[in-house]
Amino acid sequence: MAKILAIESSCDETAVAIIDNGNLLCNVISTQIEVHAKYGGVMPEIASRLHCENIGVVIKEALEKSNTKLEDIDAFAVTRGPGLIGALHVGLQAAKTLAMLYKKPLIPVHHLAGHIYANEYVDEFNFPLLAVVVSGGNTEFVIMKDHLNFEVVASTRDDAIGECYDKVARVLGLPYPGGIPIDRLAKEGKHTYQLPTPLKGEDTLDLSFSGLKTNIINLVHHLEQKGEKVNVPDMCKSFQDVAVGLVIDRTIKVVKKYNVKEVILAGGVSANSYLRSEIVDKLKPLNVKINIPPLWCTTDNAAMIAKVAEKLYERKMFASLDLGVDPNWEISDYDKY
Ligand code: KG4
């Protein structure tokens, strides 16, 4: 095994972690959320600039916290995609520079593989498993028959679920990132608004969130035009019931179809309290193990990238220094670069 420094900069968190033979020595995260909150969403250009400002500071802090020198690092790992192109570039350039200077391997890591492997900090995986990946940029159901074996069996046809949470929050006047206030307010509300169930009546494992989002935006504008006030907690509850309901419905169908032994939640939306309780509750009759990540590893971090990097290091899956980022990298192509 090895000592690996991992970098994550795919969206609005600049993060660095150092792992030593399975031991997480540090996990430093510098979040830009407050800056982007002013705009109601992540501004890609600002994200890249802030990564440039922060990356050196975060690397330095990680080395200090773990009492490590760069000379002692055996490999440099980095998120290569998916994510915002400019943001990804900053992390990759930093990792390439360090790999070149210290003549150590460069390990490209898939961001969603990272979200999935965050769960390995909780427990070992039982294969075949279903990873329900629900984040701000992706909504994918991934079957794993073994380590580093990813098959996407269902995904959204349009928006990611987190993006939908953020847009619904914005139209309701709630702060970014919208998942957090919606989760909180839904607990105070009732399901009083009639909203369409996405892809109702279709025989499919696909998901869809853009119709639901547009329906809510139109409904809110319509009510405002009539001078009626939207009951925000009720709207949050009505929306969340439908959005989480769709994820649960697809989870049950995929578990049955692929006969999985374990279901794991991954990605920023896996912090959602209703999703976390519903998945346990509704999957009880199916007798599968459910792995719910601790909140610290639901948001973007580099500890999850380090976890995947260890597996890739064992297999000597290194990249050359002319590697580029891939903002649309598919998880099933995690080994193609
Ligand atoms: O995984 P993540 O940090 O970013 C991506 O890699 O895409 O996920 C961020 C997303 C945001 O859309 C945010 O609104 C959502 O996760 N989120 C939540 C909750 N906390 C964060 N969504 C629902 N409920 C929450 N408690």
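First, a word on scope: everything that follows refers to the structure included in this document. (Residues numbered from 1 in each chain as written. Predicted model: local features only at pLDDT ≥ 70, side-chain atom pairs only at ≥ 80, totals over all residues. Heavy atoms only, no water.)

So, the overall build of the chain
Point 1. In terms of regular secondary structure, the chain is built from ten helices and ten strands.
Point 2. For the chain, the C-alpha atoms occupy an extent of roughly 65 × 45 × 30 Å along the three principal directions.
Point 3. Looking at the chain as a whole, 55% of its 337 residues qualify as buried.
Point 4. Here the chain displays about 14,500 Å² of accessible surface, and carbon together with sulfur accounts for 49% of that area.
Point 5. One finds the centroid of the 36 positive side-chain charges in the chain at a distance of 2 Å from the centroid of its 43 negative side-chain charges. (Helix = DSSP H or I, 4+ residues; strand = E, 2+ residues; numbered from the N terminus. Buried < 20%, exposed > 50% of the residue type's maximum accessible area, 1.4 Å probe, protein only. Areas by Shrake-Rupley, 256 points an atom, 1.4 Å probe, with all protein chains shown as cover. Lys, Arg positive; Asp, Glu negative; His and termini not counted. Charge placed at Lys NZ, Arg CZ, Asp CG, Glu CD.)

What to know about the sheet that holds strand β10 (residues 289-291)
Point 1. The strand order across the open sheet built from five strands is β8-β7-β6-β9-β10, with neighbouring strands paired in mixed fashion. Strands with a single pairing partner mark the edges of an open sheet, and in this sheet they are β8 (151-155) and β10. Taken pair by pair, the neighbouring strands of this sheet meet at an average axis angle of 20°, ignoring direction.
Point 2. As paired elements, strand β6 (residues 129-134) and strand β9 (residues 262-266) share five bridges and run parallel to each other. Across the sheet, residue L129 finds its bridge partner in β9, namely E262. (Pairing = 2+ DSSP bridges. Axes fitted to C-alpha atoms, helices over the stretch in contact; angles between N-to-C directions.)

Quick look at the site of the ligand
Point 1. Taken together, 20 residues sit near the ligand, with G136, G137, D166, G268 and N272 positioned nearest.
Point 2. Here an oxygen atom of the ligand sits 3.3 Å away from a polar atom, N or O, in the side chain of H115.
Point 3. Measuring from an oxygen atom of the ligand, one finds a backbone N or O atom of G268 at 2.8 Å.
Point 4. At the level of secondary structure, the elements contributing two or more residues to the shell around the ligand comprise α4 (111-117), α5 (161-171) and α6 (179-186).
Point 5. Among the residues making up the shell around the ligand, the classes are represented as five nonpolar, twelve polar and three charged. (Near = heavy atom within 4 Å. Polar contact = N/O pair within 3.5 Å; in protein donor to acceptor, adjacent residues only side chain to side chain. Nonpolar A, V, L, I, M, F, W, Y, C, P; charged D, E, K, R; others polar.)

Observations regarding helix α2 (residues 44-65)
Residues three or four positions apart in an α-helix share a direction because the helix packs 3.6 residues into each turn.
Point 1. With 22 residues, α2 should reach 32 Å at 1.5 Å per residue; the first-to-last C-alpha distance of 29 Å fits that figure.
Point 2. A maximum bend of about 40° is found in α2 at N54.
Point 3. What α2 keeps buried is the set A47, S48, L50, H51, N54, I55, V58, I59, A62 and L63.
Point 4. Turning to α2, the residues buried within the fold contact β1 (3-8), β2 (13-20), β3 (23-31), α1 (33-37) and α3 (85-102).
Point 5. Looking one or two residues beyond α2, the residue adopting positive phi is N67, at roughly 55°. (Expected span 1.5 Å × (residues − 1). Bend = angle between axes of the 7 residues up to and from the residue. Contact = heavy atoms within 4.5 Å.)

A look at the sheet that holds β1
Point 1. Here we have five strands laid out as an open sheet, ordered β3-β2-β1-β4-β5, and mixed in their pairing. A strand with exactly one partner marks an edge of an open sheet, and here the two such strands are β3 and β5 (106-110). Strand-to-strand, the axes of this sheet are offset by a mean angle of 20°, without reference to chain direction.
Point 2. Of the strand pairs in this sheet, β1 and β2 are connected by six bridges, and their pairing is antiparallel. Opposite I4, over in β2, you have I19 as the bridge partner.
Point 3. Running over the sheet, α2 touches β1, β2 and β3 and is turned about 25° from β2.
Point 4. Each of β1, β2, β3, β4 (75-81) and β5 is contacted by helix α10 (residues 303-314), which is oriented at about 120° to β5, the strand it contacts most.

Side note on the pairing of β4
Point 1. Of all seven residues in β4, seven are buried; the element is thus mostly enclosed.
Point 2. Two strands pair when backbone bridges link them, and β1 and β4 are joined in this way by four bridges, in the parallel orientation. Residue pairing across strands places L5 opposite F76, the latter belonging to β4.
Point 3. One ladder, built from five bridges, connects β4 with β5; its direction is parallel. Along β5, the bridge assignment pairs G81 with H110.
Point 4. Tracing the backbone out of β4, into α3 and back to the parallel element β5 gives a crossover that is right-handed. (Right-handed = clockwise from strand over helix to strand, strands pointing away.)

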